[in-house]
Amino acid sequence: MGAVDVFGIVGTTQAGAYQVEEVVAEGGFAVVYRAYHSAFRAKVALKCLKVPDSLGAQHYQEFLERFREEGELLFRLSSSTPAVVRPLHVGILEGTSRFVPFIALEWLEGRTLDALIEDRQGRFEPPLTFKEALRLLTPVARALERAHHFPGSGGEVCILHRDMKPENVFVAEQHGETVAKILDFGIGKVKSVATQMVGHQSTQGDGLVAFTPAFGSPEQWLPKRFGQTGPWTDVWGLALTLLAAITGRPPFEGDQAALLGSAIDPGRRPTPRTEGVDVSESVERVFAKAVAVDPRDRYQDVGQFWTDLHRAAGIVEGAVSILPPAPSPFAGQGLLVSVAPDPMAATKVAPAAA
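It should be emphasised that the depicted structure is a prediction, and the values quoted were computed from it without experimental measurement. (Residues numbered from 1 in each chain as written. Predicted model: local features only at pLDDT ≥ 70, side-chain atom pairs only at ≥ 80, totals over all residues. Heavy atoms only, no water.)

J.: Requested: an account of the overall build of the chain, with residues and values cited.
T.: Helix and strand counts for the chain stand at eleven helices and 13 strands. Counting every position in the chain, which comprises 354 residues, the buried fraction comes to 53%. Restricting the contact set of the chain to residue pairs at least 6 apart, pairs at least 24 apart contribute 60%. Total accessible area on the chain is roughly 15800 Å²; 52% of this is exposed by carbon and sulfur atoms. (Helix = DSSP H or I, 4+ residues; strand = E, 2+ residues; numbered from the N terminus. Buried < 20%, exposed > 50% of the residue type's maximum accessible area, 1.4 Å probe, protein only. Contact = heavy atoms within 4.5 Å. Areas by Shrake-Rupley, 256 points an atom, 1.4 Å probe, with all protein chains shown as cover.)

Structural data, given as structure tokens:
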């Protein structure tokens, strides 16, 4: 049984160009549709957000503006590194009574790392080896490194993902090569904005949380105790993503209470050896630092974490560790934004201002 057309837009044309063809996936916060861009003559993905009804009309414009800002950051970041999925347009769905912001993204052929892991299990194949997973996720790690040190108009900007997990790593086939790309950059921030607007209890009632519990870091669970999120949060998420790839299962399982207990338990660290994977002592030490309970004891820089992993494993990373120079984040006008004074009114397409 496939995903349901929650918003009833299959067969419609959105923003004057996107001919919606079918639903391809549904999650707790969004529904993804395949659409055909009539001008580009190419497939695109439309990610439509399930904004909680409790958000209220008074917050629509504010939420839309924050969503648009995240879309602009994503566009600039994706222009800097090919390992981040590229956005094409931000707008609001037409022909529906609900407030539904959407973002159009480049269409990728392939599957998520989560699906790859499940597929290998279903065919009784062993999980990826440590070296295979390290090689696959290197572009992801370096893209996170770029995001955490991104040039902005007023200086360096730190763009956090906040929800790194196998489901947000897409293993795509492009030009005969297998490449990994990061999905949902900025969505964690958008979830947090919605949480703040409608209140913590209301968002839980609507099934909305700002992070994935099985991959949530201690500071995401208990910010008053462990402090704010930062680059160290993405270090945690990347480490657990790598661990899931080499074990074939999530590091933590159970209900929310069990997941929280495991995340903050100093004696229950999710490392290769504790999960039954044979690695060297030096690799184990690097992992242990990446998943330290206290963010102050964790790697503060994802690039250093990834470099240390290669060094500990005795693997030469190669040219992929050298980041290409980032273009000016204000160059060009590639992201289209549909914004009307009334968020529920028909949208108009206009290039984002430089």
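J.: Describe the sheet that holds strand β11 (residues 177–182), and please don't skip the residues or the numbers.
T.: The strand order β7-β10-β11 describes an open sheet built from three strands, whose pairing is antiparallel. Lying at the two open borders of the sheet, with one neighbouring strand each, are β7 (110–112) and β11. Shown here is a sheet whose adjacent strand axes are inclined to one another by a mean of 20°, direction ignored. Sheet topology note: the strand β10 (residues 169–174)/β11 ladder contains six bridges and is antiparallel. Within the sheet, the bridge partner assigned to E173 lies in β11 and is T178. Contacting β10 and β11, helix α3 (residues 130–148) runs over the sheet at an angle of about 35° to β11. (Pairing = 2+ DSSP bridges. Axes fitted to C-alpha atoms, helices over the stretch in contact; angles between N-to-C directions.)

J.: Can you break down helix α11 (residues 302–313) residue by residue, with the values?
T.: Compared with the 16 Å implied by 1.5 Å per residue over twelve residues, the 17 Å span of α11 between its first and last C-alpha is a close match. Among the residues making up α11, those that are buried are V302, G303, F305, W306, D308, L309, H310 and A312. Structurally, the start of α11 carries an N-cap: the backbone nitrogen of G303 is 2.9 Å from a side-chain oxygen of D301. Once α11 finishes, G314 follows within two positions and takes phi at roughly 70°, a positive value. (Expected span 1.5 Å × (residues − 1). Polar contact = N/O pair within 3.5 Å; in protein donor to acceptor, adjacent residues only side chain to side chain.)

J.: Account for the nonpolar core, naming residues and giving values.
T.: Across soluble globular proteins, you tend to see nonpolar side chains buried next to one another. Counting 79 residues, the largest nonpolar core has L113, V140, F185, L242, F305, W306 and L309 as its most contacted members. The residues contacting L113, other than those within four sequence positions of it, are L128, L136, L137, P166, V169, V171, T241 and A245. Counting residues in each nonpolar core, the second largest holds 17 residues, with F7, I9, A15 and L88 among its members. (Core = buried A, V, L, I, M, F, W, Y, C linked by side-chain atoms within 4.5 Å.)

J.: I'd love a proper account of unusual backbone geometry, names of residues and values included.
T.: Here the phi dihedral of A15 falls at roughly 55°; this positive angle occurs in a residue that is not glycine. Residue position: A15 is located in the loop between β1 (13–14) and β2 (18–26). Although it is not a glycine, F124 sits at a positive phi angle of roughly 55°. Tracing the chain through its elements places F124 in the loop between α2 (113–122) and α3.

J.: So what about the environment of I103? Which residues, and what values?
T.: Relative to the elements of secondary structure, I103 occurs in strand β6 (residues 101–106). Under the relative-accessibility criterion, I103 is labelled buried at 5%. Once residues within four sequence positions are removed from consideration, I103 is found in contact with A45, L46, K47, F67, G71, L74, P87, H89 and V90.

J.: Describe the environment of R123, listing the residues and the values that go with them.
T.: Along the chain, R123 turns up in the loop between α2 and α3. Taking the relative accessible area as the measure of exposure, R123 reaches 43% and is therefore partly exposed. A polar contact of 2.4 Å, which involves the side chain of R123, links it to the side chain of E125.

J.: Before we move on, can you summarise the pattern of salt bridges with the specific residues and values?
T.: Applying the stated criterion across every chain, the model contains 24 salt bridges. One salt bridge in this structure joins K47 and D184, with 3.1 Å as the shortest N-O distance. Of this pair, K47 sits in strand β4 (residues 42–49) while D184 sits in the loop between β11 and α4 (187–198), placing them 137 residues apart in sequence. Using a relative accessible area of 13% as the deciding quantity, one classes K47 as buried. Owing to a relative accessible area of 18%, D184 belongs among the buried residues under this scheme. The partner of R66 in a salt bridge is E69, and the shortest N-O contact between them spans 3.8 Å. (Salt bridge = Lys/Arg side-chain N within 4 Å of Asp/Glu carboxyl O.)

J.: Summarise the pairing of β2; cite the residues concerned and give the values.
T.: Two faces make up the sheet, and in a regular strand the side chains alternate between them. Two elements, β1 and β2, share two bridges in a ladder whose sense is antiparallel. Bridge assignment links Q14 to a residue of β2, and that residue is Y18. Hairpin connection between β1 and β2: a loop of three residues separates the two successive antiparallel strands, and A15 in this loop has a positive phi of roughly 55°. The pairing of β2 with strand β3 (residues 30–37) spans seven bridges and is antiparallel. Residue pairing across strands places A25 opposite V32, the latter belonging to β3. Hairpin geometry of β2 and β3 is characterised by an intervening segment of three residues between the two adjacent antiparallel strands.

The values reported here are purely geometric and, on their own, carry no functional implication.
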